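# Residue-level structure breakdown
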Amino acid sequence: MKKVLLFLNLLIGIGACGGGVMAFLSAHSVETAESFGLSKEMLLNSPFQSFLIPGIFLLVVIGFGNLISGWLLYRKKDYFAEVMMGLILIAWILIQVYMLMAIVFLHVLFFLLGVVQLTLSVYTIKKLQLKLPFSAHQN
C-alpha cells in the first residue's frame, strides 16, 4: 500500500505542479492561455477573472502538498496527510467541474486518483490501528 500511495503522491504532485505553472503563466497572457487550451470563457461561472489564484492553489496546495505528503509517508509513515490530500483533491475536482460546467477526461482521472488515495490511506490507518494525531486518547 505504501508504494502505491507514494506513486500516487508523485503522479498527482507532479501533475498538479505542471498544471499550476501552466495556469499561473496563462494568467498574464491570452496567447499563452490559449496555447495551453485555457480561455476566459472557462471562468464565466467562477469568482476568478484569471487563472492566477486557481493556478497558485493547484501548484502549492495540491502539487507541493502531495509531494510533501509523500515525503512524510516515506520518512514517518504518516498516512493522515494522505487522507487530507485525497479529500482536497476530490473537493478540488468537484468544485472545478461545478465552476467550469464541464467534465473532461482529466477530471475523471484525478477524481478517481483522489478516491484511490483516500481509500487506501483510510484502509491502511484502520489496518495498522493508528491513533489520530493530537488525540486525547494517546495518553
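See the structure printed just above.
Residues numbered from 1 in each chain as written. Predicted model: local features only at pLDDT ≥ 70, side-chain atom pairs only at ≥ 80, totals over all residues. Heavy atoms only, no water.

## A closer look at helix α4 (residues 80–100)
- With 21 residues, α4 ought to run about 30 Å at 1.5 Å a step, and its terminal C-alpha atoms sit 30 Å apart, in line with that.
- Taken together, the buried positions of α4 are occupied by Phe 80, Ala 81, Glu 82, Val 83, Met 85, Gly 86, Leu 89, Ile 90, Trp 92 and Ile 93.
- Looking at the packing, one finds that the buried side of α4 touches α1 (2–26), α3 (52–76) and α5 (105–128).
- Met 101 sits one or two residues past α4 and shows a positive phi near 55°. (Helix = DSSP H or I, 4+ residues; strand = E, 2+ residues; numbered from the N terminus. Expected span 1.5 Å × (residues − 1). Buried < 20%, exposed > 50% of the residue type's maximum accessible area, 1.4 Å probe, protein only. Contact = heavy atoms within 4.5 Å.)

## Structural notes on α3
- Here α3 contains 25 residues, and its C-alpha end-to-end distance of 34 Å stays within 8% of the 36 Å for a straight helix at 1.5 Å per residue.
- Restricting attention to buried positions, one finds in α3 the residues Pro 54, Gly 55, Leu 58, Ile 62, Gly 63, Gly 65, Asn 66, Ser 69, Gly 70, Leu 72 and Leu 73.
- Packing partners of the buried residues in α3 comprise α1, α4 and α5.
- Lys 77 sits one or two residues past α3 and shows a positive phi near 55°.

## Quick word on the packing of aromatic side chains
- Tallied over the full model, the rule gives one aromatic pair.
- Ring plane angle 20° and centroid distance 5.1 Å describe the contact between Phe 57 and Trp 92, whose orientation is recorded as stacked. Placement of the pair is Phe 57 in helix α3 and Trp 92 in helix α4, with a sequence separation of 35 residues.
- Take Phe 57: its relative accessible area is 32%, and that puts it in the partly exposed class.
- A relative accessible area of 17% places Trp 92 in the buried class. (Phe/Tyr/Trp six-rings, centres within 6.5 Å; stacked < 30°, edge-to-face > 60°.)

## Overview of the side chain of Glu 82
- Looking at the element boundaries, Glu 82 is found in helix α4.
- Lys 2 provides the closest opposite charge to the buried, salt-bridge-free Glu 82, at an N-O distance of 10.0 Å.
- The contact partners of Glu 82, leaving out residues within four places of it in the chain, are Leu 5, Asn 9, Ser 69, Gly 70, Leu 73, Gln 117 and Ser 121. (Lys, Arg positive; Asp, Glu negative; His and termini not counted. Salt bridge = Lys/Arg side-chain N within 4 Å of Asp/Glu carboxyl O.)

## Quick word on unusual backbone geometry
- At Lys 77, a position not held by glycine, the phi torsion is positive, near 55°.
- Tracing the backbone through its elements, the reader meets Lys 77 in the loop between α3 and α4.
- Lys 77 gets classed as exposed once you look at its relative accessible area, which sits at 55%.
- A positive phi angle, close to 55°, is found at Gln 129, a residue other than glycine.
- Topologically, Gln 129 is positioned in the segment after α5.
- Judged by relative accessible area, Gln 129 falls into the exposed class, the value being 65%.

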